Amino acid sequence: MRLPEAWEPVGLVRPELVRQTALIGGEWVSSDRKLTVTDPATGACLGSVPDLGSEATLQAVAAASATFPAWRQHSAPERAAILHRWHDLIQAHTEDLARIMTSEQGKPLGEARGEVAYAASFIKWFAEEARRTYGDVIPGHARDKRLVVMREPVGVVAAITPWNFPLAMITRKVGPALAAGCTVIVKPSDLTPFSALALAFLAREAGLPDGVLNVVTGTAAPIGDVLVSHPDIAKISFTGSTGVGTMLATRAMASVKRVSLELGGNAPFIVFDDADLGEALNGAVASKFRNAGQTCVCANRFFVQAGIYDRFVDGLAERIDAIRVGAGLIEGVDLGPLINEAAIAKSSGHVADALHKGGTLVTGGRAIDGAGHFFKPTLIRDVTPDALLCREETFGPVAGIVRFDTEAQAITMANDTTAGLAAYLFTRDLSRSHRVTEALQCGMIGLNTGLISSEVAPFGGVKQSGFGREGSRYGMDEYLNLKLVCTSVAPI
Ligand code: SIN
């Protein structure tokens, strides 16, 4: 199928990586109904993918169920070898994958290349972990009892993934699932399906058997309905909003599925008077403006102590003014477009609300006129804790700064949220770093750093940010069931 003209300037080495078909049971499938995919930097049409409904989803469930017995019978080294080949192919196609991602998601090419490496790292990590899914031998509770615990794949997994990290949020789920011996159905975001399909194309080239990995594209509701209710789906892994995650988990419970949820955050970023100012500013820019503020672990609320407040605000303003905004495919751009018009409206609304409640605009503050969904990187000082900027996840390039005086105040304000994903803390005081990290209610903390994510570290939250952990050795547990064998042994 010919690609639309909008792909010409993208310069792909292998245009066949852009699939306009879904993948079910090893077949690339089409449908009469289509969903159009657009470039958020220009509004240009990049093509379309099938808008599959419940019937095609049922076929995907059937394919994944049919191949599960054979895939789980593969030895761990056999599964690992395929995953290693997939990892190598992802790396070898970094440039094409990054360009596809930037075209449909908007993030600057440098960040997209970084995401390809991040995505590949999960496949490699879990290829290695496949060989280490050890069980346990437990001392028996009676003289004649022997206890052995085995770890077995949970079965067919549905992975429902977001648009903000179109590759890495897939590999962070699919890597451990395949390594454990599960088969998978991926439902990527309608906004970024091409990255998911390119990934699946490379998985097939790596030798993944037909039906082990299926990608179902289309409108979320009919596909999600089948995935959460079908008795053959053993596990749902979802990354996205708290609202959708809660609904999926509630419905999945009706057939007692295993569920892991990586939901929204509202990360506090706390800077104490004794912090290294340069380190805090580097961390602030990295955490707040990565992916134009569209990450679940982005700093969302800045709490800065009175003694360092003005210097922090001035330093951050200077760094924000140096951020180059533009289409992600242009080399040297630091901040790309937001994903769509709704994201622009949310950032604009948060800015207006913060100013209305007493904040002062330092820089930015509005969308950029013209094509694409661009928003000026923004700094607002003297924000009040009741502002929407502090109450909700902004998911945009808007930094709002709240002043505080005491450590206790900072902790109280930081914990005053239903979310509990990430938090950041800048201090050079050892005792304070212990006190505050222990007091913060969240799943991950960056202490004197604004970047915390890695394939080797457990990613996940507490409170309404979800449950379960992705990445790291803990990430395998989400796709394994424990099975106890209690043997009665006759005496000699
Ligand atoms: C996310 O925004 O959900 C993922 C961010 C990350 O992996 O660092």
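Scroll up to find the structure this text is about.
All figures in this text were calculated on a predicted structure; none of them were measured in a lab.

Rules used in this analysis
Residues numbered from 1 in each chain as written. Predicted model: local features only at pLDDT ≥ 70, side-chain atom pairs only at ≥ 80, totals over all residues. Heavy atoms only, no water. Helix = DSSP H or I, 4+ residues; strand = E, 2+ residues; numbered from the N terminus. Rg over C-alpha atoms; globule rule 2.2 N^0.38 Å. Contact = heavy atoms within 4.5 Å. Areas by Shrake-Rupley, 256 points an atom, 1.4 Å probe, with all protein chains shown as cover. Buried < 20%, exposed > 50% of the residue type's maximum accessible area, 1.4 Å probe, protein only. Near = heavy atom within 4 Å. Polar contact = N/O pair within 3.5 Å; in protein donor to acceptor, adjacent residues only side chain to side chain. Nonpolar A, V, L, I, M, F, W, Y, C, P; charged D, E, K, R; others polar.

Caption draft 1: Structural detail: the overall build of the protein chain. Summing up its helical and strand segments, the protein chain has 15 helices and 22 strands in all. Taken over the C-alpha trace, the protein chain has a radius of gyration of 23 Å; the compact-globule value for 492 residues is 23 Å, and the two agree within 12%. Projected onto the principal axes, the alpha-carbon positions of the protein chain cover approximately 75 × 65 × 40 Å. Taking the contacts inside the protein chain whose residues are at least 6 apart along the sequence as the reference set, 73% of them involve residues at least 24 apart. In the form shown here, the protein chain has an accessible surface area of approximately 19000 Å², with 55% of it arising from carbon and sulfur atoms.

Caption draft 2: Focus on the environment of Ser189. Along the chain, Ser189 falls in the loop between strand E8 (183-187) and helix H6 (193-205). Judged by relative accessible area, Ser189 falls into the buried class, the value being 11%. Distance from Ser189 to Ser229, taken between C-alpha atoms, is 20 Å for residues 40 residues apart in sequence. Setting aside chain neighbours within four positions, we find Ser189 in contact with Thr161, Pro162 and Trp163.

Caption draft 3: Structural view of the site of the ligand. By nearness alone, every residue bordering the ligand is listed as Tyr118, Asn164, Phe165, Met169, Arg172, Glu262, Arg290, Thr295, Cys296, Val297, Ser453 and Phe459. The separation between an oxygen atom of the ligand and a polar side-chain atom of Asn164 is 3.2 Å. Within the backbone of Cys296, a nitrogen or oxygen atom sits 2.7 Å from an oxygen atom of the ligand. Taken by itself the ligand offers 260 Å² of open surface, and the protein chains cover 100% of this. Taken together, the residues of the shell around the ligand sort by class into 6 nonpolar, 3 polar and 3 charged.

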